[in-house]
Amino acid sequence: MNVHPALISRWKMGSRCPTQYQLMRCLLHLRVWLKESLTAVDALDWIGLMGYRWEEITVASREDFLQDATIKGFQGWWEEGRPAERLRARSVLPVEYVEREEEVRLRELTPGLSGYRQPEVEGVVIRGIAGAGKTTLVQRLVEVVAEQFHDGVLWLAGAEGDLVRQTCQKVAWARGQNAAIERAEWEAWFGEPIRRLLVVVDDLVEATDVRDLLKHRGCQVVVVVTTQRGADVVQEMSRWLPSDRLAEVEITGLSRDRGREFVEKVLGRALDETEWGLVEEIGEDMGWHPEGLRLAAQIARDERLTWQDVAADWRSVEGSTLLDRLERWVVKHWQRMPPQEQAQGERLLFRMERGGLFGALFAAAAWDVDLGQARVRLLRMERDGLVERMAGHPV
């Protein structure tokens, strides 16, 4: 039973996709045939790759009109695979999100199993400069593949360090406990062969911080790391994972076509061919960097400048590297804003967590204003490119 997501995707798009009931009957016969060799947990991993969940097979077994001893035995066996202590990571994407080529590779690579309790990859390093879209890409990955990991997704903040402490606390929360579990308990839980878990370490700074996770992980735990220090992280992960089970994905800029789609989403309208020629010039010069493109589109939209003005403004910014130029352009845009808006932005930054989400209630408390005023200010800050609206989280 080797299941590859790409093959399953093509199979599911065809006309012979089995119903939940048919899949349940298939599992029932496999259990009779393989006996103790097939556990409910392992079966759950395989059907997860096909896009099915434990609950769907449970319902199908209850709908079987026979309800004989074989079905009853299957139901008891299947109950052993009920997902417990499932860890959940919030996946929230920007409203201007556009699909990237790397997304297709990641979602086929990450959940795949090449054999019994053997992931196709055990570690993935996603590297790129700040603002290239690494975190957004992984959030999209989690949204697509989370159900294929029966223990869920463990999202850790790499910049905060002490990943074991973060894990102990999040496992406790998943169990409904406030106090973090002990390290020894975590090692036993994390290292179990049946543990089918996706671990995301976002924005890892120190490569050695991931060492304990790799050292104590169970054979089905897949670790995905986003970082600006790709070489160091790959070197560290290579010490603990086989080279053929470690993948590296470099995130640069958007493709030319995706760049146009992204700019048009930010603008809220299509570009004419004259505008597109100037956007293309800017995009090529900044390597189609998503945050750079977003700022360019917002300047063109909200400051009522022409794209010729935006292109000239970008060309006037000097720097030794692309990231240096982008940072200076952001500062230049910030300095053009009224002092009152700058103060409001600084107050929000002071109150919020790094990379955290917030809404109008949080902003109202930070600014000590009513909810209506907070919404108006946030809309103005979104227009100016200081905040980014996330899908499903209206201001």
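Residues numbered from 1 in each chain as written. Predicted model: local features only at pLDDT ≥ 70, side-chain atom pairs only at ≥ 80, totals over all residues. Heavy atoms only, no water.

Caption draft 1: Here's a closer look at the side chain of Arg100. Relative to the elements of secondary structure, Arg100 occurs in the loop between helix H5 (69–79) and helix H6 (101–109). On the accessibility criterion, Arg100 (5% relative accessible area) is buried. Here Ala132 takes part through its backbone oxygen, which lies 2.6 Å from a polar atom of the side chain of Arg100. Discounting residues that sit within four places of it in the chain, Arg100 has contacts with Ala132, Gly133, Ile251, Thr252, Gly253, Leu254 and Pro290. (Helix = DSSP H or I, 4+ residues; strand = E, 2+ residues; numbered from the N terminus. Buried < 20%, exposed > 50% of the residue type's maximum accessible area, 1.4 Å probe, protein only. Polar contact = N/O pair within 3.5 Å; in protein donor to acceptor, adjacent residues only side chain to side chain. Contact = heavy atoms within 4.5 Å.)

Caption draft 2: Highlighting the environment of Leu197. Of note, Leu197 is situated in the loop between helix H9 (183–190) and strand E5 (198–204). Classification of Leu197 as buried rests on a relative accessible area of 0%. Between the alpha carbons of Leu197 and Ala146 there is a distance of 9.0 Å; along the sequence they are 51 residues apart. Beyond its immediate stretch of four places on either side in the chain, Leu197 contacts Leu87, Phe149, Asp151, Gly152, Val153, Leu154, Trp189, Phe190, Gln220, Val221 and Val222.

Caption draft 3: Quick peek at the packing of aromatic side chains. Within this structure, the stated rule accounts for seven aromatic pairs. Site record: aromatic cluster; members linked through ring pairs are Phe74, Trp77 and Trp78. Here the basic side chain of Arg196 rests over the ring of Phe149, its NZ or CZ set 4.4 Å away from the ring centre. Over the aromatic face of Trp314 sits the side chain of Arg325, whose NZ or CZ is 4.1 Å from the ring centroid. (Phe/Tyr/Trp six-rings, centres within 6.5 Å; stacked < 30°, edge-to-face > 60°. Lys NZ or Arg CZ within 6 Å of the ring centre and 35° of its normal.)

Caption draft 4: The sheet that holds strand E4 (residues 153–157), seen in detail. One open sheet accounts for five strands, arranged E4-E5-E6-E3-E7; its pairing is parallel. Two strands lie at the open edges of the sheet, namely E4 and strand E7 (246–250), each paired on one side alone. When the angles between neighbouring strand axes are averaged without regard to direction, this sheet yields 15°. Summarising the sheet, E5 and strand E6 (residues 222–227) pair through five bridges and their orientation is parallel. Of the residues in E6, the one forming a bridge with Val201 is Val225. Relative to E4, helix H8 (residues 163–174) is tilted by about 135°, and along the sheet it contacts E4 and E5. (Pairing = 2+ DSSP bridges. Axes fitted to C-alpha atoms, helices over the stretch in contact; angles between N-to-C directions.)

Caption draft 5: Structural detail: the environment of Leu30. With respect to the helices, strands and loops of the structure, Leu30 is situated in helix H2 (residues 20–34). For Leu30, a relative accessible area of 14% translates into the label buried. C-alpha separation for the pair Leu30 and Ala43, spaced 13 residues apart in sequence, amounts to 9.5 Å.

Caption draft 6: Geometry of the pattern of salt bridges. All told, the structure shown has 34 salt bridges when counted by the stated rule. When salt bridges with common partners are traced through the structure, they connect Glu99, Glu103, Arg107, Arg140, Glu143, Arg258 and Glu261 into a single cluster. (Salt bridge = Lys/Arg side-chain N within 4 Å of Asp/Glu carboxyl O.)

Caption draft 7: Summary view of the environment of Leu213. The topology assignment puts Leu213 in helix H10 (residues 211–216). Note: C-alpha distance between Leu213 and Trp240 (27 residues apart in sequence) is 9.9 Å. Those residues in contact with Leu213 that lie beyond four places of it in its chain are Leu156, Leu163, Thr167, Trp186, Phe190, Val199 and Val201.

Caption draft 8: Expanded view of helix H15 (residues 307–315). Of the residues making up H15, those classed as buried are Trp307, Val310, Ala311, Asp313 and Trp314. Buried residues of H15, viewed axially, fall in a sector of 160°; they line one side. (Arc of directions from axis to C-beta.)

Caption draft 9: Summary view of the nonpolar core. Residues Val199, Val201, Val210, Leu213, Val223 and Met237 are the most contacted members of the largest nonpolar core, which totals 29 residues. The set of elements that each furnish at least two residues to this core consists of E4, H8, H9, E5, H10, E6 and helix H11 (230–238). Counting residues per element, this core draws most heavily on H8, which supplies five residues. Leave out the neighbours within four places in its chain, and Val210 touches Leu163, Val201, Leu204, Val223, Val225, Glu236 and Met237. Listed in part, the 26 residues of the second largest apolar core include Ile282, Leu295, Ile299 and Val310. (Core = buried A, V, L, I, M, F, W, Y, C linked by side-chain atoms within 4.5 Å.)

Caption draft 10: Spatial organisation of unusual backbone geometry. Its identity as a non-glycine residue notwithstanding, Asp203 has a phi of 65°, on the positive side. If you trace the backbone, Asp203 turns up in strand E5. Here Asp203 falls in the buried class, since its relative accessible area comes to 17%. In this structure, Trp288 is a non-glycine residue whose phi angle is positive, near 55°. With respect to the element layout, Trp288 can be found in the loop between helix H13 (273–285) and helix H14 (290–302).

Caption draft 11: Region of interest: H11. By the burial criterion, the buried members of H11 are Gly230, Val233, Val234, Glu236 and Met237. Each buried residue of H11 lies within a common arc of 165° when the element is viewed along its axis, so the set occupies one face. Turned more than 90 degrees away from the buried face of H11, the exposed residues are Ala231 and Gln235. Its buried side turned inward, H11 meets strand E3 (123–127), E5, H10, E6 and E7.

Caption draft 12: Fine view of the packing of H8 against H9. With their axes 10 Å apart at the nearest point, H8 and H9 run at an angle of 80° to one another. As far as their axial angle goes, H9 and H8 are roughly perpendicular. From H8, Val164, Thr167, Cys168 and Val171 reach across to H9, where they touch Arg183, Trp186 and Trp189. Residue classes in the contact of H8 with H9 are distributed as five nonpolar, one polar and one charged. (Parallel < 35°, antiparallel > 145°, perpendicular 65-115°, else oblique. Nonpolar A, V, L, I, M, F, W, Y, C, P; charged D, E, K, R; others polar.)

That is the geometry; function is a separate question.
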